[in-house]
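Chain residues, written in single-letter form:
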There are 2 protein chains.
Amino acid sequence: MTILLVAGGKPETWPDLKQYDIYIGIDRGALYILAAGYPLTLAIGDFDSLSQEEFDQVSSQAKTIIQAPPEKDDTDTQLALAETLRRYPEATIDLIGVTGGRLDHLLANLWLVLEPRFQPFAGNIRLLDHQNSISFYLPGSYRIRHEAGMKYLAYCCLTPVVNLTLEGSKYLLNNMDVSQPTSYASNEFITETASFSFDAGVIAVIQSRD
Amino acid sequence: MTILLVAGGKPETWPDLKQYDIYIGIDRGALYILAAGYPLTLAIGDFDSLSQEEFDQVSSQAKTIIQAPPEKDDTDTQLALAETLRRYPEATIDLIGVTGGRLDHLLANLWLVLEPRFQPFAGNIRLLDHQNSISFYLPGSYRIRHEAGMKYLAYCCLTPVVNLTLEGSKYLLNNMDVSQPTSYASNEFITETASFSFDAGVIAVIQSRD
């Protein structure tokens, strides 16, 4: 099952969308889903960014709506991700509308998968925008595929990483211990796939274009 | 002494600029400095993003130019920051043109101050764009001032952080140990200043607006 989670970042930042099984809107993202003509399975958030009229539109068209209080410990995106994983723990989840604009939000979204409650699902979550595709990896060995239209490949260590090896890409690393968060940016695929492995930490692989 | 370091991110992303003592251009940023009518003290990079004509313009107008080979271990921004700190170790440095677009670049720039060579200068470096002002802090106690026009205040732990206390802001923390990178986003000033302290790690304070 594939799920598209849409947060409040402007539709201009969205990637090209394929078909998904389920569409879930986070706060203003719910409105964007309706405006783009997709069905709204679930709307979740405090909705404090919506006018009464906009909120009425969301609540009349969403199959289910979960309204949270504005002052809460979790962000709307954390709430929505937790609820999505509770309902659909086997799904693959693409999250859009989470980049651009405020960097405190961007970082909160990038670091979601570091939280113990979300970490087991890291491999099922991607963040996407029109220039970037971000996948998350827990320790192991992986072969990844070059995504159409993307020029650059980056291995971003979100935490310290142990024994990082990069193979089959333009720039290589061999059994490298990385002691602090580090972006190995501007690497490139040389064939359709590249490989990497590591023994501890969390890595975001970013495919991007200018 | 105040220095503006300009990387290749588009001028639309720039904040309002005050006067600086020195302007340093990184790759295409050198061209942007000239286009904006500022003097170009130093131009640094591989300049592989410039046409011959653009490169000629930069090299004829820069007081000093340092051209690096395109295939190198450091990014242009790392090179430029290292050279700037070598020449002006006491300066305060604002870095613009480093956000937006490719997230592997953004993360590389955000994490510059975690590198041992740059970490001692963390308190002198800011990243700026039209929505965000990012300052960096090593362990200690600080009182920070609300920047004009910014609505939100965020404490972003770039590493694990020990004993984090937030005071004088809308949301508070008391002697919190933070075990992984975490963005305490969407906090707000309640007066003109707020305070925080911590005993280990590196924190980025982000003031931002929608």
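All figures in this text were calculated on a predicted structure; none of them were measured in a lab.

**Student:** Can you help me understand the overall build of chain A in this one?
**Tutor:** The helix and strand tally for chain A stands at four helices and 14 strands. Classification of the 210 residues of chain A by burial places 54% in the buried group. Here chain A displays about 9,100 Å² of accessible surface, and carbon together with sulfur accounts for 50% of that area. For chain A, the separation between the mean place of its 15 positive charges and that of its 26 negative charges on side chains is 5 Å.

**Student:** Which parts of the structure should I look at to understand the environment of L106 of chain B?
**Tutor:** All names here are of chain B. Positionally, L106 belongs in helix 4 (residues 103–110). We classify L106 as buried; its relative accessible area is 6%. Between the C-alpha atom of L106 and that of R145, which follows or precedes it by 39 residues, the distance is 25 Å.

**Student:** I'm lost on the UniProt feature "domain: Thiamin pyrophosphokinase thiamin-binding" (unreviewed entry) in chain A in this one. Help?
**Tutor:** The UniProt feature table records "domain: Thiamin pyrophosphokinase thiamin-binding" (unreviewed entry) at residues 140–204 of chain A. Within residues 140–204 of chain A, the helical portion is 0% and the strand portion 60%, while the C-alpha atoms at the span's ends are 13 Å from each other.

**Student:** Explanation requested: the packing of helix 1 (residues 28–35) of chain A against helix 2 (residues 52–61) of chain A in the structure shown.
**Tutor:** Two quantities define a packed helix pair, namely the angle between the axes and the distance from one axis to the other. Residues and elements named next belong to chain A. Between helix 1 and helix 2, the shortest axis-to-axis distance is 10 Å and the interhelical angle comes to 70°. Taken together, the axes of helix 1 and helix 2 are roughly perpendicular relative to one another. Considering the relative orientation of helix 1 and helix 2, their crossing is left-handed. On the side of helix 1, the interface is formed by R28, A30, L31 and L34, while helix 2 contributes E54, Q57, V58 and Q61. Its residues assigned to classes, the contact of helix 1 with helix 2 comprises four nonpolar, two polar and two charged.

**Student:** Explain the packing of aromatic side chains here, please?
**Tutor:** How two aromatic rings sit relative to each other is given by the distance of their centres and the angle of their planes. Considering all chains together, one arrives at 18 aromatic pairs over all chains under this definition. Taken together through their ring pairs, the aromatic side chains of Y137, Y142, Y155, F196 and F198 of chain A make up a single cluster. The ring of Y20 of chain A carries K18 of chain A above its face, with NZ or CZ at 4.3 Å from the centroid. Above the ring of Y152 of chain A, the side-chain terminus of R102 of chain B is found at 3.5 Å from the ring centroid.

**Student:** I keep staring at the side chain of S169 of chain A and nothing clicks. Help me out?
**Tutor:** By the secondary structure assignment, S169 of chain A is in the loop between strand 10 (161–167) and strand 11 (173–178). Here Y171 of chain A takes part through its backbone oxygen, which lies 2.9 Å from a polar atom of the side chain of S169 of chain A.

**Student:** Help me understand the relation of the copies chain A and chain B in this model?
**Tutor:** Mapping between the two chain copies consists of a rotation about an axis together with a translation along that axis. For the match of chain A to chain B, the screw axis carries a shift of 0.0 Å, the RMSD comes to 0.0 Å, and the turn is 180°. Such a combination of rotation and displacement between the chain copies is what one expects of a two-fold axis. In terms of C-alpha distance to the rotation axis, chain A has G100 of chain A as its closest residue, with the C-alpha 3.2 Å off the axis. When the interface residues of chain A are mapped onto chain B, 100% of them again lie at the interface, so the same face is used by both copies.

**Student:** Looking at this structure, I do not really get the pattern of salt bridges. What am I missing?
**Tutor:** Side chains that carry opposite charge are capable of pairing whenever their charged atoms lie near each other. Counted under the stated rule, the structure contains 20 salt bridges over all chains. Of the charged contacts in the structure, one is a salt bridge between D210 of chain B and R102 of chain A, with a shortest N-O distance of 3.5 Å. Here R102 of chain A lies in the loop between strand 5 (92–96) and helix 4 (103–110) and D210 of chain B lies in the segment after strand 14 (203–208), a pairing that spans two chains. In this structure D210 of chain B comes out as exposed when scored by relative accessible area, which is 65%. Across the pair R28 of chain B and E54 of chain B runs a salt bridge, and its minimum N-O distance is 3.0 Å. Here E54 of chain B lies in helix 2 (residues 52–61) and R28 of chain B lies in helix 1 (residues 28–35), a separation of 26 residues in the sequence. Relative accessible area serves as the criterion here: at 23%, E54 of chain B is assigned to the partly exposed category. Sharing partners across several salt bridges, the network here consists of D74, E115 and R117 of chain A.

Reading the values: the criteria
- Residues numbered from 1 in each chain as written.
- Chains lettered and ligands numbered in written order.
- Predicted model: local features only at pLDDT ≥ 70, side-chain atom pairs only at ≥ 80, totals over all residues.
- Heavy atoms only, no water.
- Helix = DSSP H or I, 4+ residues; strand = E, 2+ residues; numbered from the N terminus.
- Buried < 20%, exposed > 50% of the residue type's maximum accessible area, 1.4 Å probe, protein only.
- Areas by Shrake-Rupley, 256 points an atom, 1.4 Å probe, with all protein chains shown as cover.
- Lys, Arg positive; Asp, Glu negative; His and termini not counted.
- Charge placed at Lys NZ, Arg CZ, Asp CG, Glu CD.
- UniProt positions renumbered as here; feature names shortened; annotations may be inferred.
- Axes fitted to C-alpha atoms, helices over the stretch in contact; angles between N-to-C directions.
- Parallel < 35°, antiparallel > 145°, perpendicular 65-115°, else oblique.
- Left-handed = near helix turned anticlockwise from the far one by under 90°.
- Contact = heavy atoms within 4.5 Å.
- Nonpolar A, V, L, I, M, F, W, Y, C, P; charged D, E, K, R; others polar.
- Phe/Tyr/Trp six-rings, centres within 6.5 Å; stacked < 30°, edge-to-face > 60°.
- Lys NZ or Arg CZ within 6 Å of the ring centre and 35° of its normal.
- Polar contact = N/O pair within 3.5 Å; in protein donor to acceptor, adjacent residues only side chain to side chain.
- Least-squares fit on C-alpha atoms with pLDDT ≥ 70 in both.
- Salt bridge = Lys/Arg side-chain N within 4 Å of Asp/Glu carboxyl O.

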